[in-house]
Number of protein chains: 2
Amino acid sequence: MHGVRGSRPTLEAVAAHAGVSRATVSRVVNGGPGVRTEVREKVQRSVEELGYVPNSAARSLVTRRTGAVAVVIAEPETRVFSDPFFSQQLRGISRELSERDTQLLLMLLEHRRDYARIGRYLSGGHVDGALMFSLHSEDPLPAMAAESGLPTVFGGRPGWPGAEKDPDLLYVDTDNRGGARQAVAHLLERGRRRIAVITGPLDQTSALDRLQGHRDALAAAGAAGAGEAHGAFTAEGGERAMRELLGREPELDAVFAGSDLMASGALRALRAAGRRVPEDVAVVGYDDLEPAAWADPPLTTVRQDVEGMGRMMAELLLRRLDPSPAGPPPAPVVTPAQLVVRASST
Amino acid sequence: MHGVRGSRPTLEAVAAHAGVSRATVSRVVNGGPGVRTEVREKVQRSVEELGYVPNSAARSLVTRRTGAVAVVIAEPETRVFSDPFFSQQLRGISRELSERDTQLLLMLLEHRRDYARIGRYLSGGHVDGALMFSLHSEDPLPAMAAESGLPTVFGGRPGWPGAEKDPDLLYVDTDNRGGARQAVAHLLERGRRRIAVITGPLDQTSALDRLQGHRDALAAAGAAGAGEAHGAFTAEGGERAMRELLGREPELDAVFAGSDLMASGALRALRAAGRRVPEDVAVVGYDDLEPAAWADPPLTTVRQDVEGMGRMMAELLLRRLDPSPAGPPPAPVVTPAQLVVRASST
């Protein structure tokens, strides 16, 4: 009744419309390798204009695939929708999966007890693979993934015992320790000497690695830190942690926060305490997401390509699902981190 | 390895812990009716503390249920994550489903061509029902839902031909027309006479109904409008529409925008044009979500209980899935809308 039925355009019609070969259309539609981006986009435009429906229903009968991938974020729904890190990572995943005609299923959860239900769904044959991120060290998710037998890619370096020795483990991460080292080295170069740190939850490797990078940079310069406080990767947590640090060490002249959200909370606490940024206290964040550019003053931060990391997670999973005999086997990816200097530290 | 296995606490243990009967625990766990909120919450706390896993895997073998519900928002992922309306509606859905031990699967989409894939997944036996919202009049989703045979609840009054005559159609909406009427009547009461309107996409019933309410209020007062412009339910669209209205009708003294996001864009355009709010131009929005309270000046708006509407959608679907012989059959729900007066109009 709304045009989903009707005579369907053929693969040949798409090829003629796009001015490419049938084989090229097939490769694009089936997510095969070796098609240049311009050609891929041209074919996708033709697919869209003609309303071509690739026959992956038939394909899934042969492969016993569902054509769907589950995404599980180990955080309650409230954090998923309030932290731009998650929407950016999901954007990358969603775009990559859409280009490869694979359905993204975001499994929202509210409570710890919801994990058991998610485990049952993952084991029920409803998805071909899983992407999991924001894991904490006690998360039941890796065990569930293993139990379900599903190919899985993790976002962030897994931190459970033995993870580093598992040759099949796939993950995408950024160089958290190196990024934090750059951030704190920058503060030292600008003459700051009493540098505090606000960390994320230390049961997450990203938070631990950033704390370690902070300590590395201080040690390399022979500097003492001005305190460490926990900020839970939220703006409210960053604000609380900053107040705590000011109480313990009123003479601090800089703070490195392990995320932009925590840094924006720290800015609020500093303003409330009458400290000028950057004159009295320099502030550096991490992520380079929207809160960094919107902050007042704009935040010096460490950029990681969050959307690109999401794309890579999806891409690694699809390569594990359909190994190419020609290409290299899928392997963990660690992307570089890059300091972005703005007004909050200069 | 992470505590998902191990000896499982029994229903009896939960009953003893919560100090209620075994039957009450069973009703809470299986989402049955007739349990008071305090008792429900007490049982849920015991379930969580003891780590009780309800045996719905066994239940689903009997009922052939998957224990999962799909949520499809007929918008690209970028809008889903930037418009607080969607996160609020999802919050309500997620909370209600979690309390009833049902898994929420959010199906993200990027392009129109992704609908075909979603249709295949919905027809594949992977979910028990579907919740769909932000439908446009040409959406293929209702046809897909019908084809899949899945029980479905819509968010917003469906607008396709014949929808109003379908006795089985379930939806949750708010009184958009009445809400808009209140908004514009308020502007008239405050002495505004040249009132413009910024509408959402007119292929959505919510946008159409709000426009109609605006026209109703003007007609009742015998007032002429000061122009109508389209704002696409986004902040950028609202900004563009406001510029257009000012160009066409420089003497306008008020604007009613069909969403808070569009109203916040209108505020930006008014500021850029040197108009004071509310002295020169009064502004009223719709939704009463975060952008309304954060706006400068804070926005007069029409409140709808978006989270509550999400809860009701989930609740209606679960009632359709498990009809209670005692209760009334599930039926469409239209919630009231209420004017909230703030500084932007007074």
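Residues numbered from 1 in each chain as written. Chains lettered and ligands numbered in written order. Predicted model: local features only at pLDDT ≥ 70, side-chain atom pairs only at ≥ 80, totals over all residues. Heavy atoms only, no water.

S.K.: Please explain the overall build of chain A as it appears in this structure.
M.R.: Within chain A, the regular secondary structure consists of 14 helices and 12 strands. Expressed as lengths along the three principal axes of its C-alpha atoms, the size of chain A is roughly 75 × 45 × 40 Å. For chain A, the proportion of its 346 residues judged to be buried stands at 57%. The contacts of chain A with a sequence gap of at least 6 include a subset with a gap of at least 24, amounting to 72%. Surface summary for chain A: the accessible area is close to 14,600 Å², and the carbon and sulfur share equals 51%. The distance from the centre of the 41 positive side-chain charges to the centre of the 44 negative ones in chain A is 3 Å. (Helix = DSSP H or I, 4+ residues; strand = E, 2+ residues; numbered from the N terminus. Buried < 20%, exposed > 50% of the residue type's maximum accessible area, 1.4 Å probe, protein only. Contact = heavy atoms within 4.5 Å. Areas by Shrake-Rupley, 256 points an atom, 1.4 Å probe, with all protein chains shown as cover. Lys, Arg positive; Asp, Glu negative; His and termini not counted. Charge placed at Lys NZ, Arg CZ, Asp CG, Glu CD.)

S.K.: Could you clarify how one ought to interpret the relation of the copies chain A and chain B in this entry?
M.R.: Both copies of the chain are related by a screw-like operation: a rotation about an axis and a shift along it. Superposing chain A onto chain B takes a rotation of 180° plus a shift of 0.0 Å along the axis, which leaves an RMSD of 0.1 Å. Considering both components of the superposition, the chain copies are consistent with a two-fold axis. Judged by C-alpha distance, Leu106 of chain A is the residue of chain A that lies nearest the rotation axis, at 2.4 Å. Interface overlap between copies is the fraction of interface residues in one copy that are interface residues in the other; for chain A against chain B it reaches 100%, indicating a shared surface. (Least-squares fit on C-alpha atoms with pLDDT ≥ 70 in both.)

S.K.: Help me understand the nonpolar core, please; the structure alone is not making it clear to me.
M.R.: Side chains of a nonpolar character, in soluble globular proteins, are inclined to be buried together. Membership of the largest hydrophobic core comes to 54 residues, with the highest contact counts inside it found for Val71, Ile93, Leu106 and Leu131 of chain A together with Val71, Leu106 and Leu131 of chain B. Ignoring anything within four residues of it in the chain, the contact list for Val71 of chain B reads Leu90, Ile93, Leu104, Leu105, Leu106, Met107, Leu131 and Phe133 of chain B. Formed by 48 residues, the second largest nonpolar core is a distinct cluster that contains Ala68 and Tyr121 of chain A together with Leu141 and Leu169 of chain B. (Core = buried A, V, L, I, M, F, W, Y, C linked by side-chain atoms within 4.5 Å.)

S.K.: I would appreciate a short explanation of the sheet that holds strand β9 (residues 282–284) of chain A in the present structure.
M.R.: Residue and element names in this part refer to chain A. Read across the open sheet, the 4 strands follow the order β7-β6-β8-β9; overall the sheet is parallel. Of all strands in the sheet, those bounded by a partner on one side alone are β7 (225–230) and β9. Each neighbouring strand pair of the sheet contributes to a mean axis angle of 15°, computed without reference to strand direction. Relative to β7, strand β6 (residues 195–199) is paired through 4 bridges, and the arrangement is parallel. Paired with Val197 across the bridge in β7 is Glu228. In this fold helix α12 (residues 260–272) packs onto β6, β8 (254–257) and β9, with an angle of close to 160° to the strand it touches most, β9. (Pairing = 2+ DSSP bridges. Axes fitted to C-alpha atoms, helices over the stretch in contact; angles between N-to-C directions.)

S.K.: How do you make sense of the environment of Val340 of chain A when you look at a structure like this?
M.R.: All names here are of chain A. Tracing the backbone through its elements, the reader meets Val340 in strand β12 (residues 338–340). The exposure class of Val340 is buried, given its relative accessible area of 14%. Along the chain, Val340 and Ala232 lie 108 residues apart, while their C-alpha atoms are 23 Å from each other. Contact partners of Val340, with chain neighbours within four places excluded, come to Asp288, Leu299, Thr300, Thr301 and Arg303.

S.K.: Would you mind showing me how to read the interface of chain A and chain B here?
M.R.: One frequent convention defines the size of an interface as the accessible area lost when the parts assemble. In this complex, chain A contributes 53 residues to the contact, which on the side of chain B involves 54 residues. Here chain A meets chain B over a buried area of about 4,700 Å², counting both sides, of which 55% is carbon and sulfur. Summed over the shared surface of chain A and chain B, the number is 8 salt bridges. One salt bridge connects Asp101 of chain B with Arg120 of chain A, and the closest N-O pair in it is separated by 3.4 Å. On inspection of chain A and its partner chain B, the count reaches 21 residue pairs in polar contact (both at pLDDT 80 or more). Going through the elements one at a time, α3 (37–50), α4 (56–63), α5 (77–82), α6 (84–99), β2 (103–108), α7 (114–122) and α8 (141–148) of chain A are the ones with two or more residues in the side of chain A that touches chain B. A total of 7 residues in the side of chain A that touches chain B trace back to one element, the largest contributor, which is α6 of chain A. Of the residues contributing to the side of chain A that touches chain B, the split by class is 23 nonpolar, 14 polar and 16 charged. (Buried area = accessible area lost by both parts, 1.4 Å probe. Salt bridge = Lys/Arg side-chain N within 4 Å of Asp/Glu carboxyl O. Polar contact = N/O pair within 3.5 Å; in protein donor to acceptor, adjacent residues only side chain to side chain. Nonpolar A, V, L, I, M, F, W, Y, C, P; charged D, E, K, R; others polar.)

S.K.: Where do I start with the packing of helix α1 (residues 11–18) of chain B against helix α2 (residues 22–29) of chain B in this structure?
M.R.: Helix-helix packing is described using two parameters, namely the angle between the two axes and the distance between the axes. All names here are of chain B. Contact geometry of α1 with α2 gives a least axis separation of 9 Å together with a crossing angle of 105°. On the basis of their axis angle, the class for α1 and α2 is roughly perpendicular. Where α1 approaches α2, its residues Leu11, Glu12, Val14 and Ala15 are matched on the opposing element by Arg22, Val25 and Ser26. For the contact of α1 with α2, the per-class residue count stands at 4 nonpolar, 1 polar and 2 charged. (Parallel < 35°, antiparallel > 145°, perpendicular 65-115°, else oblique.)

S.K.: So what exactly am I meant to see when it comes to the pattern of salt bridges here?
M.R.: Pairing of side chains with opposite charge becomes possible as their charged atoms draw close. All names here are of chain B. Under the counting rule described, the total for this entry stands at 52 salt bridges over all chains. Ionic pairing is found between Arg22 and Glu12, a salt bridge with its closest N-O pair at 2.5 Å. With Arg22 in helix α2 and Glu12 in helix α1, this pair connects stretches of sequence that are 10 residues apart. Given a relative accessible area of 42%, Glu12 falls into the partly exposed group.

S.K.: I would appreciate a short explanation of the packing of aromatic side chains in the present structure.
M.R.: For any two aromatic rings, the description comes down to two numbers: the centre-to-centre distance and the angle of the planes. Residue and element names in this part refer to chain A. Enumeration according to the criterion identifies 9 aromatic pairs over all chains in this entry. Chaining the aromatic ring pairs together yields one cluster made of Phe85, Phe86 and Phe133. Directly above the ring of Tyr286 sits Arg210, whose terminal nitrogen or CZ lies 3.9 Å from the centroid. (Phe/Tyr/Trp six-rings, centres within 6.5 Å; stacked < 30°, edge-to-face > 60°. Lys NZ or Arg CZ within 6 Å of the ring centre and 35° of its normal.)

S.K.: What is the right way to look at the domain arrangement of chain A in this model?
M.R.: Looking at the assigned domains, one finds that chain A contains domain 1 (11–54), domain 2 (66–173 + 306–334) and domain 3 (176–304 + 339–345). For domain 1 of chain A and domain 3 of chain A, the distance between their C-alpha centres works out to 48 Å. (Domains from an automatic or database assignment.)

S.K.: Sorry, what's going on with empty space enclosed by the protein here?
M.R.: Residue and element names in this part refer to chain A. Under the defined criterion, the tally for this structure stands at 3 cavities of 30 Å³ or more. If you add up the space inside the second largest cavity, you get close to 40 Å³. Lining the second largest cavity are Val197, Ile198, Thr199, Gly200, Ala207, Arg210, Leu211, Phe233, Phe256 and Gly258. Taken together, the residues of the lining of the second largest cavity break down into 6 nonpolar, 3 polar and 1 charged. (1 Å grid on protein atoms, 1.4 Å probe; cavity = no way out; pocket = protein on both sides within 12 Å on 5 of 7 lines; lining within 4 Å. Points joined across faces, edges and corners; volume = space filled by probe spheres on them.)

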